[in-house]
Amino acid sequence: MNLSYKEKMLYINVPYSEKDEAKKLGAWWDSQKKSWYVKRRKDYPKFYKWILGNQEETFILCDYFYIVEAMRKCYRCKRETEVIGFGIENFYILHDPKEYRDLYSWWDEDIHMASYIDPMSDKLLDFLNREYGYHMGYSKTVEDSYMANHCKYCNALQGDYFLFNEPDSPFCIDTIDDARNLKLHKVKLETDIIADVDMIWGSEDYLIKQYAQKMRDISI
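All values reported here derive from a predicted model rather than from experimental measurement.

Peer 1: Could you clarify how one ought to interpret the nonpolar core in this entry?
Peer 2: Most often, soluble globular proteins have nonpolar side chains that are buried together. In terms of nonpolar packing, the biggest core is built from 24 residues, with Leu-61, Phe-65 and Leu-128 touching the most fellow members. Those elements that place two or more of their residues in this core are strand E4 (57-61), strand E5 (64-73), strand E6 (80-88), strand E7 (91-95), strand E9 (112-118), helix H3 (122-132) and strand E14 (193-200). Once residues lying within four places of it in the same chain are set aside, the contact partners of Leu-61 are Ile-88, Asn-90, Phe-91, Ile-117, Leu-189, Asp-192, Ile-193, Ala-195 and Val-197. Ile-111, Leu-163, Ile-173 and Leu-207 belong to the second largest nonpolar core, which has 18 residues in total.

Peer 1: Help me understand the packing of aromatic side chains in this model?
Peer 2: Think of a pair of aromatic rings as described by two things: how far the centres are apart, and how the planes are tilted against each other in angle. For the structure on display, the rule yields 16 aromatic pairs. Pairing Tyr-64 with Tyr-66 gives two aromatic rings, centres 5.5 Å apart and planes at 75 degrees, and the pair type is edge-to-face. Both residues of the pair, Tyr-64 and Tyr-66, count as buried. Ring centres 6.3 Å apart and planes at 10 degrees place the aromatic pair Phe-91 and Trp-107 in the stacked group. Of this pair, Phe-91 sits in strand E7 while Trp-107 sits in strand E8 (residues 104-107); the two residues are 16 residues apart in sequence, bridging distant segments of the chain. The partly exposed category is assigned to Trp-107, whose relative accessible area is 29%. A network of ring pairs unites the aromatic residues Tyr-44, Tyr-92, Tyr-104 and Trp-106 as a single cluster. Across from the ring centre of Tyr-153, 3.7 Å away, lies the NZ or CZ of Arg-79, which sits over that ring. When the ring centre of Tyr-64 is taken as reference, the NZ or CZ atom of Lys-186 above it lies at 4.3 Å.

Peer 1: In this structure, what is going on with the sheet that holds E9? I would like to understand it.
Peer 2: The strands that make up a sheet are held in pairs by hydrogen bonds between backbone atoms, and each pair lies either parallel or antiparallel. The nine strands lie next to each other as E8-E7-E4-E14-E9-E6-E5-E13-E15, forming an open sheet whose pairing is mixed. Edge positions in the sheet fall to E8 and strand E15 (213-218), since each has one partner strand and no second. Ignoring strand direction, the axes of neighbouring strands in this sheet form an average angle of 40 degrees. Across three bridges, E4 lies against E14 in antiparallel orientation. Within the sheet, the bridge partner assigned to Phe-59 lies in E14 and is Ala-195. Set on the sheet, H3 makes contact with E5, E6, strand E13 (183-188) and E15; between it and E5 the angle comes to about 20 degrees.

The rules we used
- Residues numbered from 1 in each chain as written.
- Predicted model: local features only at pLDDT ≥ 70, side-chain atom pairs only at ≥ 80, totals over all residues.
- Heavy atoms only, no water.
- Core = buried A, V, L, I, M, F, W, Y, C linked by side-chain atoms within 4.5 Å.
- Buried < 20%, exposed > 50% of the residue type's maximum accessible area, 1.4 Å probe, protein only.
- Helix = DSSP H or I, 4+ residues; strand = E, 2+ residues; numbered from the N terminus.
- Contact = heavy atoms within 4.5 Å.
- Phe/Tyr/Trp six-rings, centres within 6.5 Å; stacked < 30°, edge-to-face > 60°.
- Lys NZ or Arg CZ within 6 Å of the ring centre and 35° of its normal.
- Pairing = 2+ DSSP bridges.
- Axes fitted to C-alpha atoms, helices over the stretch in contact; angles between N-to-C directions.

Quick look at the structure:
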């Protein structure tokens, strides 16, 4: 795995009382955004204290991610409707050194599916709602509300479990044909971002990069 060391800004949340410690480690101050940031990816692990917070591990998405589009028959109206997931390809997983032997791992080979990425900008969420019906909805199955796909014809919530975890789910990739049914829209990131990601790892994920349809780049 070849980690890109090019400069790519990552903003980190540094309390005022710890600013001197962050600065000594090499953090920079953005006076416009009023936030500290790190310039080089090879330096990200040095700042795990402010990146992880209270979590045992977290994702850092680098350069871009994908909106992954597929088709599914709505359980309610039985019509074919567009659904989306998210694909990530270049990313860190940063670990709490008290819980893991390795501080981080870097991935840049295959595209892996995720049911959600948080945070996403308001503009991107508006776009996903407008284009795909992806918005907050209440699921009777899990008895809670979450960001979810909805049928464009009857607005029925298309649950994440049935989209990502069942053997015939559109985002559960087992064959070349499964991958060919996907459309990839690249979303470029202005900066690398710290994100909560619900990753679904699959042994055949390498097929996505090889056979999915490459569509438009999206700048929002």
